Amino acid sequence: MDEIVNAAPGAARAPYGQDFAPDQDADMAPARRAVPSICGICPAGCGVTVHMLEDRIDRLTPLKNHPYGIVCPRGMRAGDIVHSEDRLLYPQRRIGERGDGRYERITWDQAFELWVEKLHGIAAQYGPEAVALYTGRGNFEFGLNEFFSPSGTSESSANSVLFPFGSPNAVGIGSLCYAAHGMIAPQALFGAHLRDIFEDIDGADLILVWGANPATDSPPTNLRRIKRAKGRDVPVIVIDHCRNETARAVGAEWIGIRPGTDGALALGMIAVLIEEDLYDHPFVENWTHGFDDLKTYAAAFTPERVEDITGVPAKRVRTLARQIAAAAGCSFVMYTGLEYSNSGVQAIRAAWTLQAIAGHFDVAGGKLFRMQDRVRLHRPTVAPPENAVKPLGAEEFPLYYETRREAHATLLPRAILEGLPYPVRSMIVSGASVITAWPDPALWRRALQSLDFLVVINRFPTADAQYADLILPATTMFEIDSYMIHDGYVQLRSRVIDPLGEARNDYLIFAELAKRLGYGHMWPQTEAELIERAVADCGISIEDLRAHPEGIAFELPKMQYQKYRAGRLRNDGQPGFETPTGKFEIASEWFRGHGYDPLPVYTEPIEGPLAAPELADRFPLVLNTGARTQSAFRSQHHNIASLVSKQPRPLVHMHNDDAHARGIEDGDEVFIKSPRGQVRYWARVSDNVVKGVVEANMGGGGPLGPEEWRQANVNELTDMDNRDQLSGFPVFKALLCDVVRTT
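For clarity, every value in this text was computed on a predicted model and none was experimentally measured.

By the definition in use, this model includes 44 salt bridges. In this structure, Arg 258 engages Glu 604 in a salt bridge whose closest nitrogen and oxygen atoms are separated by 2.9 Å. Here Glu 604 lies in the loop between helix H21 (589-593) and helix H22 (613-618) and Arg 258 lies in the loop between strand S13 (253-256) and helix H8 (262-275), a separation of 346 residues in the sequence. Assessed through its relative accessible area of 18%, Glu 604 is described here as buried. Linked by salt bridges that have partners in common, Asp 196, Arg 370, Arg 374, Arg 376 and Asp 487 make up one network.

Set out below in structure tokens:
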């Protein structure tokens, strides 16, 4: 695993910010300075000191006593990223045919005039809903997200700037990431979202890392906690198709599993708890809804049947269930790994139901609700337009719409190419690359090619930018002023360099667009006003934050457990949960009301060896995609030599036996073939992946970096029409493929 520079102290730490002082090295040249701020490479909010050499970022070091005082491998190369010669620095307008890549430099005024003119023209011809705004991970800066979030949701990656214009089609990367795990599943079970939940790893005596890899998180703070727990001899068990970096870093027990079958494993362990009478009777009898139906359904998932489905030995299914039941506090460290199968939402619900009925819900060491009376900053939101048509996907994926209040991107190509359910003729793609993020890149190319007007806002050229009518340059987060809050800590994001070229803060681009469209009063028009409005009347003054650029710690309310007993989770103050029945809904009445199975049922992957045996004869390996690397951030940074040198080629991880059966050696050039196509990769052969499964790097397919990465868009292999019907998420982790040598 790549090195993580970590300044976060242990349990006996000093108060936050106490040890910070500017760099006072007597030998430091006048051209050097040190600026306390927040890392600007990703939106995680890590506290860093930015060391400047003249007007360039030289290096980052972690801020001492900061709760996220970490510099990851990408942060170590911050200067290379920010000052890359590939940065977009000036507004550009297309002058050739769409797709030719011919542009001319224009002014920001010219760009906004053209942009506004086109939006009004398209709205006049097709209606305002014909304009869609897609925002991705590059737009996750905290202040931007908080101020442009749609109303009626706890968090969103979508941008509401077009709501007053009349378009309901705010679309975010949440259409394929996080929302199933962070919002739909928890809302169905206990009426809250993961923004208000955390795993008490520091208090656990058993830790399950399930479908997650904290070592590659941004930031890897849970890895730090897991290492501390391991130092206390807490057992750590990783359930995954790979013996991943986390498992190797802490020497965890690895339980290999066939991708897409996690729900069956959870149901099998639930069956053991019920059969052996190991579940938490008081919680089940007083606080759950649907347990009897679950008991009947789960009985069919015997350990032996679960072994046939998942590959996990029946004996280990039983003993793991007993371990979970015997623990005083068991943390389930999970993330998006379970989202990307046909069982996605229901598999997550099954796992958390297991955790809850085993007695680890809102107790020390388990899954905890954050205290509701903690300090929070202002989060202005904007309601979708009244009397507008429904956003794309609201009817097809109602659970997603009701939690996110935004459109679903999976239906964008149909609206663009077929005009169904109505035409979409213009898109704004900001901080994203749909061609590399979604299945079937050719479909997305056709869609972007056919638009009447496309605006791309980014720091670097993307695959989408080739089809843009306007390309607008955004700053990195080192070039802006904003803010960030963690539990118990708030900090200004202080600008450390002026915007390069004519790049602008994403927030200010959208604030200016709102102004030009006639409703700029709805959002602060300067960074200073944004920050002041966020912290107003929250008990933390802007003056204090400016006086403490390293951040300010604030006291958190004392944790109370089993808050559902005391009425601390419901809006009406009554005991229970914010669900239709007031109970932990094993059987979700919300799901039932929309015609979905209310229980956390298991669905076998429809493109898998059991459900599609004839296809599996031709494509006998299970394809898993999406695991993160330390050398890139999603599809970003393949053009940064100091990062791409860590992994210059895209890798496919294979088991020794699968490789040897195909005459493949470690390092060989290979093709991964699926029913949709083939992509060139390089084999990484080991025993760190389940036999019969391969793991292929994602993120390739952009216009920058080595040719090997530019030609390796893994989504040439995935399927736009194969999805979890509850969330609408594509299946990225349970498909079929084969791997062959190229020569």
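This brings us to the packing of aromatic side chains. How two aromatic rings sit relative to each other is given by the distance of their centres and the angle of their planes. In this structure the tally under the stated criterion is 31 aromatic pairs. Ring centres 5.7 Å apart and planes at 15 degrees place the aromatic pair Phe 112 and Trp 115 in the stacked group. Placement of the pair is Phe 112 and Trp 115 together in helix H3 (residues 108-126), with a separation of three residues, close to one helical turn. Each member of the pair, Phe 112 together with Trp 115, is buried. An aromatic cluster of at least three residues, connected via ring pairs, comprises Phe 190, Phe 283, Trp 287, Trp 352, Phe 361, Phe 369, Tyr 564, Phe 577 and Phe 584. Sitting over the ring of Phe 301, Arg 305 keeps its end group 4.4 Å from the ring centre. In this structure, Arg 405 is placed above the aromatic ring of Tyr 401, and the distance from its NZ or CZ to the ring centre is 5.5 Å.

Evaluation of the coordinates by the stated rule reveals five cavities of 30 Å³ or more. A volume near 130 Å³ is recorded for the largest cavity. Considering the residues around the largest cavity, the lining is formed by 15 residues, among which Cys 39, Cys 42, Ala 44, Cys 46 and Cys 72 are closest to the centre. Only strand S5 (70-71) and helix H1 (73-76) provide two or more residues apiece to the lining of the largest cavity. Of the residues belonging to the lining of the largest cavity, the class tally is ten nonpolar, three polar and two charged. Put simply, the second largest cavity is a space of about 90 Å³. The wall of the second largest cavity is formed by Arg 74, Thr 216, Ser 218, Ala 627, Arg 628, Thr 629, Ala 632, Phe 633, Arg 634, His 638, Met 698 and Gly 699. Partitioning the lining of the second largest cavity into residue classes produces four nonpolar, five polar and three charged.

Turning next to the sheet that holds strand S9 (residues 170-172). Pairing is mixed across the open sheet formed by seven strands, whose spatial order is S7-S6-S19-S18-S17-S8-S9. Looking at which strands have only one partner, the edges of the open sheet turn out to be strand S7 (103-105) and S9. Recorded for the sheet is a direction-independent mean angle of 20 degrees between the axes of neighbouring strands. Here five bridges tie strand S8 (residues 131-135) to strand S17 (residues 426-430), and the two strands are oriented parallel to one another. Considered in S17, the bridge of Tyr 134 is made with Val 429. Sheet strands in contact with H3 are strand S6 (92-94), S8, S17, strand S18 (453-458) and strand S19 (470-473), and its direction is about 135 degrees off that of S19. Across the sheet, helix H18 (residues 506-516) touches S8, S17, S18 and S19, and the angle it forms with S18 is around 145 degrees.

The subject of this paragraph is the pairing of strand S25 (residues 651-655). With four of five residues buried, S25 lies mostly within the body of the structure. Where S25 lies against strand S27 (residues 677-686), five bridges are found, and the strand directions are parallel. The residue bridging Met 654 from the neighbouring strand is Val 685, located in S27.

All right, on to the packing of H8 against helix H10 (residues 291-298) then. Between two packed helices, what matters for the description is the angle formed by their axes and the separation of those axes. One way to put it is that H8 packs onto H10 with a least axis distance of 9 Å and a crossing angle of 110 degrees. With respect to each other, H8 and H10 are oriented roughly perpendicular. In this structure, H8 contributes Leu 267, Ile 270, Ala 271 and Ile 274 to the contact, and H10 contributes Phe 291, Leu 294, Lys 295, Tyr 297 and Ala 298.

Attention now moves to the sheet that holds strand S26 (residues 669-674). On the basis of which strands lie adjacent, the closed barrel formed by six strands has the order S24-S28-S25-S27-S26-S29 and mixed pairing. Here the average twist between neighbouring strands, direction ignored, is 45 degrees. As paired elements, strand S24 (residues 621-625) and strand S28 (residues 693-696) share four bridges and run parallel to each other. Bridging from a neighbouring strand, Asn 624 pairs with Glu 695 of S28.

This part takes up H8. Helix length check: H8, at 14 residues, gives a terminal C-alpha distance of 20 Å against a target of 20 Å (1.5 Å per residue), a fit within 8%. With respect to burial, H8 is a largely interior element, 13 of its 14 residues being buried. Of the residues flanking the end of H8, it is Asp 277, one or two places downstream, whose phi is positive at about 55 degrees.

With that out of the way, let us pick up the environment of Ser 674. When you line up the elements, Ser 674 lands in strand S26. C-alpha of Ser 674 to C-alpha of Cys 737: the two residues are 63 residues apart in sequence and 4.4 Å apart in space. Excluding residues that lie within four positions of it along the chain, Ser 674 makes contacts with Phe 619, Leu 717, Leu 736 and Cys 737.

Let's shift gears to the pairing of S27. Pairing of S26 with S27, which is carried by six bridges, proceeds in the antiparallel orientation. Within S27, the residue paired with Glu 669 across the bridge is Trp 682. Here S26 folds back onto S27, and the loop between the two strands holds two residues.

Procedures and definitions
Residues numbered from 1 in each chain as written. Predicted model: local features only at pLDDT ≥ 70, side-chain atom pairs only at ≥ 80, totals over all residues. Heavy atoms only, no water. Salt bridge = Lys/Arg side-chain N within 4 Å of Asp/Glu carboxyl O. Helix = DSSP H or I, 4+ residues; strand = E, 2+ residues; numbered from the N terminus. Buried < 20%, exposed > 50% of the residue type's maximum accessible area, 1.4 Å probe, protein only. Phe/Tyr/Trp six-rings, centres within 6.5 Å; stacked < 30°, edge-to-face > 60°. Lys NZ or Arg CZ within 6 Å of the ring centre and 35° of its normal. 1 Å grid on protein atoms, 1.4 Å probe; cavity = no way out; pocket = protein on both sides within 12 Å on 5 of 7 lines; lining within 4 Å. Points joined across faces, edges and corners; volume = space filled by probe spheres on them. Nonpolar A, V, L, I, M, F, W, Y, C, P; charged D, E, K, R; others polar. Pairing = 2+ DSSP bridges. Axes fitted to C-alpha atoms, helices over the stretch in contact; angles between N-to-C directions. Contact = heavy atoms within 4.5 Å. Parallel < 35°, antiparallel > 145°, perpendicular 65-115°, else oblique. Expected span 1.5 Å × (residues − 1).

The values reported here are purely geometric and, on their own, carry no functional implication.
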